[in-house]
Amino acid sequence: MGSQSIPPTIYLNISLVTVRRFMSKEDISLERLLKICNWLGISLTDVSAAADSQSFKANHLTLEQEEYFAAFPKYFTYLRYLARGYTPSQIEEIFCLSDAKTDKYLLELEQLEIISRNPNIKLIIPWPIQFRFPGPLQKKFFNKIQSYLVKRLSMIELNQENTALPTFYFADSLLLLPESYRKYREEIQKLYEKWTMIGRSEMRLSNPTELIPATSLLGIGAFDAITEAMGKP
């Protein structure tokens, strides 16, 4: 007999009054939330993605913050790793940083009002963010990022390297009528929003070392074109 054939109040071992409180304002424990998901036949990722879908929007840095990162792009790389859930000690190990260098990165990001360190490191800005178009980061790095992508795709196409995971990419341009082009853009935008929401959920629910960076819609394995273009800490 499946779990959904059992009344939820019996399956969850709670009263109907408690259910009503959950539906109004009371917080719910992770254990009970997992039970509810099991009864509904869904995952926590599904719940998180559905919550994100209610308020999806592009997040941007302030103009002043973008100008800073355009001048000091390695700090943006450091921020992106923090945003993906890596701890400062993990970032130190990845990029062979000293404790003094780590303190410098964290202090600068704190002074930019992007993170807080009281008592634990926490991002102040919503993540992920997108470059402003036009904007300082777009003007300085967009073409460079694209060139790294083209170079990477060329290497894959010529079989000059082996990839651990299946690789896919778009090789051809399209010739479309204006109305078809409009629909194409709309579908691509919906696809981007869908996988951005899923990515946000999986970032929150997973160990960062288990996550694989996907570069925009190209999905070319674990290649991080932004870090390649903007530099490592």
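Here, the structure is the one placed above.
This is a predicted model, so every value here is computed, not measured.

### Comments concerning the pattern of salt bridges
Reasoning step 1: In the structure shown here, the tally under the stated rule is three salt bridges.
Reasoning step 2: With a shortest N-O distance of 3.2 Å, Arg 117 and Glu 110 are connected by a salt bridge.
Reasoning step 3: Between Arg 182 and Glu 179 there is a salt bridge whose closest N-O contact spans 2.4 Å. Here Arg 182 and its partner Glu 179 are both found in helix 10 (residues 178–205), three residues apart, which amounts to about one turn of the helix.
Reasoning step 4: Arg 182 sits in the partly exposed class, given a relative accessible area of 38%.
Reasoning step 5: It is possible to trace a salt-bridge network through shared partners that takes in Glu 179, Arg 182 and Glu 186.

### Digging into the packing of aromatic side chains
Reasoning step 1: Applying the stated criterion across every chain yields a total of 13 aromatic pairs.
Reasoning step 2: For the pair Phe 72 and Tyr 75, a centre-to-centre distance of 6.4 Å together with 85° between the ring planes defines the contact as edge-to-face.
Reasoning step 3: Residue class for Phe 72 comes out partly exposed when judged on its relative accessible area of 44%.
Reasoning step 4: An angle of 50° between the planes, with centres 5.5 Å apart, marks the rings of Tyr 81 and Tyr 86 as tilted. Just as Tyr 81 is buried, Tyr 86 falls in that class too.
Reasoning step 5: Clustering of aromatic rings is evident, with ring pairs tying together Tyr 68, Phe 69, Phe 72, Tyr 75, Phe 76, Tyr 78, Tyr 105, Trp 127 and Phe 131.

### A look at unusual backbone geometry
If a residue is not glycine, its phi is most likely negative; likewise, a peptide bond is most likely trans.
Reasoning step 1: The amide bond that connects Asn 118 to the next residue, Pro 119, takes the cis arrangement and shows omega of -5°.
Reasoning step 2: Following the sequence through the fold, Pro 119 ends up in the loop between strand 1 (115–117) and strand 2 (121–123).
Reasoning step 3: Residues Phe 133 and Pro 134 are joined by a peptide bond in cis, for which omega reads -5°.
Reasoning step 4: As for its position among the elements, Pro 134 is in the loop between strand 2 and helix 9 (136–157).
Reasoning step 5: In this model, Cys 96 sits at a positive phi of 55°, which is unusual for a non-glycine residue.
Reasoning step 6: Exposure remark for Cys 96: the relative accessible area of 72% places this residue in the exposed category.
Reasoning step 7: Positive phi outside glycine occurs at Glu 113, with the angle close to 60°.
Reasoning step 8: Along the polypeptide, Glu 113 turns up in the loop between helix 8 (99–111) and strand 1.

Criteria and thresholds
- Along each chain, residue indices are assigned from 1 in the same order as the chain's sequence is written.
- Local features in a predicted model are, by the rule used here, given only for residues with pLDDT of at least 70; side-chain atom pairs are given and counted only at 80 or more, and totals for whole chains, interfaces and linings are based on all residues.
- As a rule here, side-chain values come from all non-hydrogen atoms in the structure, and water together with hydrogens is ignored.
- By definition here, a salt bridge exists when the distance from a side-chain nitrogen of Lys or Arg to a carboxyl oxygen of Asp or Glu is within 4 Å.
- Secondary structure elements are taken from DSSP: a helix is a run of H or I of four residues or more, a strand is a run of E of two residues or more, and numbering for both begins at the N terminus.
- Think of it in three bands: with a 1.4 Å probe and only protein chains considered, a residue is buried below 20% of the maximum accessible area for its type, exposed above 50%, and partly exposed in between.
- Aromatic pairing here means that ring centres of Phe, Tyr or Trp (its six-membered ring) are within 6.5 Å. Orientation follows from the plane angle: under 30 degrees is stacked, over 60 is edge-to-face, and everything else is tilted.

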